[in-house]
Amino acid sequence: MIFQPEIETMGREEMRALQLQRLQQTVRYVYERVPLYRERLDALKVRPEDIRSLDDVRRLPFTTKEDFRANYPYGLFAVPMKDIVRIHASSGTTGQPTVVGYTEQDIDMWATCVARLCAAGGATREDIAQISFGYGLFTGALGLHFGLAKLGAAVVPISSGNTERQIQLMADFGSTVLVATPSYALYMAEVAERMGMMDKIQLRVGLFGAEGSTEEMRAELERRWGIVATENYGMSELIGPGVSGDCTEKCGMHINEDYFYCEVVDPATGEPVPEGEWGELVVTPLMKQALPLLRYRTHDITRLLPGPCKCGRTTTRMQKIAGRTDDMLIIRGVNVFPSQIEGVLIGMEGIGPHYEIVVTKKGYMDQIEVKVELVDAGLLNSYGELEALTRRIHDRLKVVLQIDAKVTLVSPNTLKRFEGKAKRVTDLR
Ligand code: DLL
């Protein structure tokens, strides 16, 4: 089902005209209301009326996470506090959270964005949707909550954690949609299997997001739960979830282009890459009231896929995120993305889908260790078999990564499980 066909199947020319009009409006709005942007635009000698085409977006300054830090907590807000009706924050990895605010209109737009991607992923008003993201300052839970409610589904705000109870209630309530991070959905599947509950569960759709995952991980989740799994993308600074989402064709995430103008740039130079090439996603929200931003540097690596989709939507899609510019590991001069390692491991015979990556330095040499769980603990008693499996994983990793990784096989159920975003890489250098 297409939630808003008049937007999602709009002609390309019409969409571009709408984007231009909203971009012009946004530049005027931030110039008048946000001191940081007035200063930056003045410094660049760009006036709002200089934005005459979508290509003129390149004349606008970037915004970065550091700008949030320097203006903590409310310095980038464009409306007085009396108009703010919600505050969220993302914890991030380094100390100070990134604080974001919403007006009532922002909340409504956000729900619309999320309702569209839930519908695209196959959810309907008939569904019972279990939200297993952690409720709180994280935008994931309330974002999906309001979006699914707008769609008319029955929302079960169970939050994350207490996994056995999650599974019991999933069966009792007849939940048909699961909202979670891919890593938590994987852990939940494991618990459901262990409890012998899988045949009492009626799940049919998984709406996953908030962290990277590979096609192999999607296939694993679909197989274990017996569902159609789609993913969606977003980030707190831009709104939360709701920037883009897969349709059931699973050929890239449809961007809510009437609300978000997306570019892909070379992360090193900030220059736009040729159409269809990989680079860093840069997003300008087009209708936000409380926290409008110009050209936000997401650090997420993707590419844009224009052209119509079999589902009937005409919106540009973005390919699954390959990684973040800041989570790329440089091992002995070679670039390694954790997603490449995940792609190799998942689905390999004899090992489970959980893994950990540890990077260290011995003298001047970077060392990478990949820890993987055995499916069958019995193998630990057979040196020969263990050795052969270790070698097989090592060799496959070598083909993909071009480097030697140390592979360590550990007993089943010993690696850490995650209830929210997974943290699988430890870089000790
Ligand atoms: O994770 C928003 C969200 C919640 C999106 C629920 C989808 C579902 P933050 O906590 O600010 O916001 O984290 C944003 O998470 O820059 C990406 O690196 C990563 N991320 C989010 N969705 C995906 C995805 C939410 N589908 C950061 N694939 C982003 C890969 C994702 N990475």
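The residue count restarts for each chain, going from 1 along the sequence in the order it is written. In keeping with the model being predicted, local features are shown solely for residues with a pLDDT of at least 70 and side-chain atom pairs are shown and tallied solely at 80 or more, while totals for entire chains, interfaces and linings include all residues. Computation of side-chain values: all heavy atoms of the structure, hydrogens and water removed.

With that settled, consider the site of the ligand. We define proximity as follows: a residue is near a molecule or strand when any one of its heavy atoms falls within 4 Å of that partner. The environment of the ligand is formed by 21 residues, the closest being Glu231, Asn232, Ser236, Asp300 and Lys421. At a separation of 3.2 Å, a nitrogen atom of the ligand approaches a polar backbone atom of Ala210. In protein, a polar contact means a hydrogen-donor-capable atom and an acceptor-capable atom, both N or O and within 3.5 Å, with residues adjacent in sequence counting only if both atoms are side-chain atoms; elsewhere, any N or O pair within 3.5 Å suffices. One nitrogen or oxygen atom from the side chain of Glu231 is found 2.8 Å from a nitrogen atom belonging to the ligand. Here the open area of atoms and residues is found with the Shrake-Rupley method and a 1.4 Å probe, where only the protein chains shown may cover a residue. Considered on its own, the ligand offers 600 Å² of accessible surface; in the complex 93% of this is hidden by protein. Under the DSSP-based scheme used, a helix requires at least four consecutive residues in state H or I and a strand at least two consecutive residues in state E, with every element numbered from the N terminus. Elements represented by at least two residues in the shell around the ligand include exactly α6 (139-151), β7 (228-235) and β8 (240-246). Top element by residues in the shell around the ligand is β7. It accounts for five residues. Three classes are used: nonpolar for Ala, Val, Leu, Ile, Met, Phe, Trp, Tyr, Cys and Pro, charged for Asp, Glu, Lys and Arg, and polar for all others, with Gly counted as polar. Looking at the shell around the ligand residue by residue, the class counts come to seven nonpolar, nine polar and five charged.

In this section: the packing of aromatic side chains. Aromatic rings from Phe, Tyr and Trp, with only the six-membered ring used for Trp, were paired whenever their centres fell within 6.5 Å, and each pair was classed as stacked if the ring planes differed by under 30 degrees, edge-to-face if by over 60, and tilted otherwise. For the structure on display, the rule yields five aromatic pairs. Both rings, one in Phe68 and one in Tyr296, keep their centres 5.7 Å apart while their planes meet at 85°; by these two values the pair is edge-to-face. Taken as a pair, Phe68 in helix α4 (residues 65-70) and Tyr296 in strand β12 (residues 296-302) lie far apart in primary sequence, 228 residues in all. Tyr296 shares its class with Phe68; the two are buried. Considering the side-chain rings of Phe133 and Phe138, the 5.4 Å spacing of their centres and the 90° angle between planes classify their relative orientation as edge-to-face. Overall, Phe133 belongs to the buried group, its relative accessible area being 5%. Take Phe138: its relative accessible area is 26%, and that puts it in the partly exposed class. Summary of the burial criterion: residues with accessible area below 20% of their type's maximum are buried, those above 50% are exposed, and those between are partly exposed, where the area comes from a 1.4 Å probe applied to protein chains only.

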